[in-house]
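# Inside the fold
One-letter residues, chain by chain:
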Amino acid sequence: MGDSAAGYQRVLLKLSGEALMGDLDYGIEPAVIQRIAAEIATARKAGVEVAIVIGGGNIFRGAGLARAGMDRVTGDYMGMLATVMNALAIQDALESLDVYARVMSALQIHEVCEDYIRRRAVRHLEKGRVVILAAGTGNPFFTTDTAASLRAIEIGADVLLKATKVDGVYDSDPQTNPDAKRYETVSYDQVIADKLGVMDATAIVMCRDNDVPLRIFDLTRANALVQAMSGDNVGTLVTA
């Protein structure tokens, strides 16, 4: 791949389901998803190829219900279905801005989306379509963070962008420690060793072993998504 005039040529954006809630306690805040879609549209118009992996925590969290007694596998499949709902919402928001988008699911739901096939996903990206990857890896016990790492590797993304509510990686929790220091850059190994809570360990190791840089940034800050996709130095870069 390599950088283009727009910064990155191809990015994988990891969006949590919670990012879509805004100030709501549950579900999707229309103003938030419209703002995210507008920033993706801006990056797309600048020539960046965009794939998105979406979580489902705003609708359903399988791990939480598993702790309350639900069968973990059942809970995880329900969580995957929640990501499909979010993916369709993002597709609709993008198409309202005249951005071509395709939802590809690791679970077969042909009435509403395509199956995830790597070569087809890459072809969509090459044709300028935003690809929204739903249902995680299609397997229980794997987080959508791990799905994001896997898909970033498969499609040959230049970078994995993890959109959060925090402006990067800190040496301790900035909400409880006012003296917490933010890293500009940090290594994969330090993230794992110090348990910095960026993504789950499986996701970090996959990025490390396949040389996929990871940038963590604050989605709630206006234009941060466009800056991150353009290769600007926002948030924290996790690299070798």
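Residues numbered from 1 in each chain as written. Predicted model: local features only at pLDDT ≥ 70, side-chain atom pairs only at ≥ 80, totals over all residues. Heavy atoms only, no water.

### A closer look at the overall build of the protein chain
What the protein chain contains, in helices and strands, is 8 helices and 13 strands. In summary, the protein chain has a C-alpha radius of gyration of 17 Å against a globular reference of 18 Å for 240 residues, a match within 12%. Judged by the C-alpha coordinates and their principal axes, the protein chain covers about 50 × 50 × 35 Å. Taking all 240 residues of the protein chain together, 51% fall into the buried category. By element, 50% of the accessible surface of the protein chain is carried by carbon and sulfur atoms, the whole surface being about 11100 Å². Each charge sign in the protein chain was given a centre, from 24 positive and 31 negative side chains, and these centres are 4 Å apart. (Helix = DSSP H or I, 4+ residues; strand = E, 2+ residues; numbered from the N terminus. Rg over C-alpha atoms; globule rule 2.2 N^0.38 Å. Buried < 20%, exposed > 50% of the residue type's maximum accessible area, 1.4 Å probe, protein only. Areas by Shrake-Rupley, 256 points an atom, 1.4 Å probe, with all protein chains shown as cover. Lys, Arg positive; Asp, Glu negative; His and termini not counted. Charge placed at Lys NZ, Arg CZ, Asp CG, Glu CD.)

### Concerning the nonpolar core
Counting 42 residues, the largest nonpolar core has Leu-13, Ile-40, Ile-132 and Phe-217 as its most contacted members. Put simply, the parts of the chain that give this core at least two residues each are strand E3 (10–15), helix H1 (30–45), strand E4 (49–54), helix H3 (72–95), strand E5 (101–105), strand E7 (130–134), strand E8 (159–164) and helix H8 (224–229). The greatest single-element share of this core, amounting to 7 residues, is contributed by H1. With sequence-adjacent residues up to four places away left out, Leu-13 is seen in contact with Ile-40, Ala-51, Ile-52, Val-53, Leu-161, Ala-163, Phe-217, Leu-225 and Met-229. One finds Tyr-116, Ala-147, Ala-148 and Ala-203 within the second-largest nonpolar core, a separate group that totals 30 residues. (Core = buried A, V, L, I, M, F, W, Y, C linked by side-chain atoms within 4.5 Å. Contact = heavy atoms within 4.5 Å.)

### Brief notes about the sheet that holds strand E11 (residues 185–187)
With respect to topology, 9 strands assemble into an open sheet ordered E6-E5-E7-E4-E3-E8-E12-E13-E11, the strand pairing being mixed. Because the sheet does not close on itself, it has two edges, and the strands there are strand E6 (114–115) and E11. Pairing of E8 with strand E12 (residues 214–218), which is carried by 5 bridges, proceeds in the parallel orientation. Across the sheet, residue Ala-163 finds its bridge partner in E12, namely Phe-217. This element, H1, spans E3, E4 and E7 of the sheet and lies at about 150° to E4. (Pairing = 2+ DSSP bridges. Axes fitted to C-alpha atoms, helices over the stretch in contact; angles between N-to-C directions.)

### Regarding the packing of aromatic side chains
On inspection of all chains with the given rule, the structure shows 0 aromatic pairs. Arg-151 extends its terminal NZ or CZ atom over the ring of Tyr-116, reaching a point 3.8 Å from the ring centre. (Phe/Tyr/Trp six-rings, centres within 6.5 Å; stacked < 30°, edge-to-face > 60°. Lys NZ or Arg CZ within 6 Å of the ring centre and 35° of its normal.)

### Some thoughts on the side chain of Asp-145
For Asp-145, the position within the fold is in helix H5 (residues 144–155). Once you skip the residues sitting within four places of it in the chain, Asp-145 turns out to touch Lys-14, Lys-162, Val-198, Met-199, Asp-200 and Ala-203.

### Description of the pattern of salt bridges
In the structure shown here, the tally under the stated rule is 11 salt bridges. Between Arg-10 and Glu-49 there is a salt bridge, with its nearest N and O atoms 2.7 Å apart. On the criterion of sequence distance, the pair formed by Arg-10 in strand E3 and Glu-49 in strand E4 is long-range, its members being 39 residues apart. With its nearest N and O atoms 2.9 Å apart, the salt bridge here joins Glu-154 to Arg-151. Of this pair, Glu-154 and Arg-151 both sit in helix H5, 3 residues apart, which is roughly one turn of that helix. Overall, Glu-154 belongs to the partly exposed group, its relative accessible area being 25%. Under the relative-accessibility criterion, Arg-151 is labelled buried at 6%. Salt bridges sharing partners connect three or more residues here, namely Lys-14, Asp-145 and Lys-162. (Salt bridge = Lys/Arg side-chain N within 4 Å of Asp/Glu carboxyl O.)

### Here's the deal with the confidence of the model for the protein chain
Across the protein chain, pLDDT averages 93, with 98% of residues at or above 70. Contacts for the low-pLDDT stretch residues 1–6, under 50 throughout, to residues beyond four places or in other chains number 12 contacts. (pLDDT = per-residue confidence, 0-100.)

### Some points on the environment of Ala-193
Tracing the backbone through its elements, the reader meets Ala-193 in helix H6 (residues 188–193). Along the primary structure Ala-193 and Asp-167 are separated by 26 residues, whereas in three dimensions their C-alpha atoms are 21 Å apart.

### What to know about helix H4 (residues 118–126)
Taken as a whole, H4 has its buried residues at Ala-121, Val-122, His-124 and Leu-125. One side of H4 carries all its buried residues, which in axial view fall inside an arc of 155°. Check the buried side of H4 and you find it contacts E3, E4, E5, E6, E7 and H5. Looking one or two places after H4, you find Gly-128, whose phi comes out positive at around 90°. (Arc of directions from axis to C-beta.)

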